[in-house]
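# An overview of the molecular structure
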Amino acid sequence: MDGFLVALVISFGVIFVAELGDKSQLMALTFATRFRPVPVLIGITVATAIVHLASVAIGYSLHAALPTGWISLIAGLAFLGFGAWTLRGDKLTEEEKRKAEKTSKSAVVAVGVAFFLAELGDKTMLATITLATKYGWFGTWLGSTLGMVAADALAIMVGRLLGRHLPEKAIRYGAAVLFAVSGLWLVLEAVSELA
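In this convention, every chain numbers its residues from 1, walking through the sequence in written order. For this predicted model, a pLDDT threshold of at least 70 governs which residues receive local features, and a threshold of 80 or more governs which side-chain atom pairs are given and counted, while totals over whole chains, interfaces and linings are taken from all residues. Excluded from the side-chain calculation are hydrogens and water; included are all heavy atoms of the structure.

## Focus on the overall build of the protein chain
Which entries qualify depends on this criterion: Runs of E in the DSSP output that reach at least two residues are strands. Runs of H or I that reach at least four are helices, and both are numbered from the N terminus. Here's how the labels work: a residue is buried when its accessible area is under 20% of the maximum for its type, exposed when over 50%, partly exposed in between, all with a 1.4 Å probe on protein chains only. Residue contacts follow a heavy-atom distance rule, with two residues in contact if any of their heavy atoms lie within 4.5 Å. With residues, only the protein chains shown are counted as cover, and all accessible areas are computed by Shrake-Rupley using a 1.4 Å probe.
Counting secondary structure elements, the protein chain contains 9 helices and 0 strands. A burial count over the protein chain gives 48% of its 195 residues as buried. If you take every contact in the protein chain between residues at least 6 apart in sequence, the share linking residues at least 24 apart comes to 92%. Accessible surface, the protein chain: about 9600 Å² in total, of which carbon and sulfur atoms supply 72%.

Quick look at the structure:
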């Protein structure tokens, strides 16, 4: 696979898994109970594309400034941190729940603004920055955006069909393990490059 496809596939997988059980997925479920699914998904897609474009710009510029061994080490440690963060779990605050349930603006604008603000500094944004340092910007941006939208679309479908979200504990543990394995792999790669 060429660099673009590797970046696309890896960033899609990492962000899809990271988004499962995340607070923005919980927001998608909440919005899906109030609005039709298509406007909710459009709002999520626009907000995600903008936040992840900024993320890959940051990550890509960091890649140009740091040697690859150090990037792998930092990325590996970050992924271990993301694993711990995932184990901790995310919950919507009462204020976030109220905003999602009581908004009177157009669904696309309401969802887009809420998601944009929720994603700033979130683990999926940080993971996208990390991935862009390693795999380049365009494939990472496209893959991370599609991964997040796919995970949130899953939440919308499940929420509308079943009225509840996926088993949170199992998803959280699975995502944490995947982050930890990826982090250890990157750390070992960095140690071999820096040795």
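## Topic: helix α1 (residues 3-19)
Rules: To estimate how far a helix should reach, multiply one less than its number of residues by 1.5 Å.
The end-to-end C-alpha separation of α1 is 24 Å, in line with the 24 Å expected for 17 residues at 1.5 Å each. Listed in full, the buried residues belonging to α1 are Ala-7, Leu-8, Ser-11, Val-14, Ile-15, Val-17, Ala-18 and Glu-19. Just downstream of α1, Gly-21 is the residue with a positive phi angle, here 80°.

## A word on the packing of aromatic side chains
Convention followed: Pairs were defined over the aromatic rings of Phe, Tyr and Trp, the Trp ring being its six-membered one, requiring ring centres within 6.5 Å. Orientation was assigned from the angle between planes: stacked under 30 degrees, edge-to-face over 60, tilted for the rest.
For the coordinates displayed, the defined rule picks out 4 aromatic pairs. Relative to Trp-141, the ring of Phe-138 lies with its centre 6.0 Å away and its plane at 35°, an arrangement referred to as tilted. Linking Phe-138 with Trp-141, this pair stays in helix α8 (residues 137-162), spanning 3 residues, or about one helical turn. Clustering of aromatic rings is evident, with ring pairs tying together Phe-4, Trp-137, Phe-138 and Trp-141.

## Examining helix α7 (residues 123-135)
The first and last C-alpha atoms of α7 sit 18 Å apart over 13 residues, in line with the 18 Å expected at 1.5 Å per residue. Counting buried positions along α7 gives 10 out of 13 residues, so the element sits mostly inside the fold. Residue Gly-136 follows α7 closely and has a positive phi angle near 95°.

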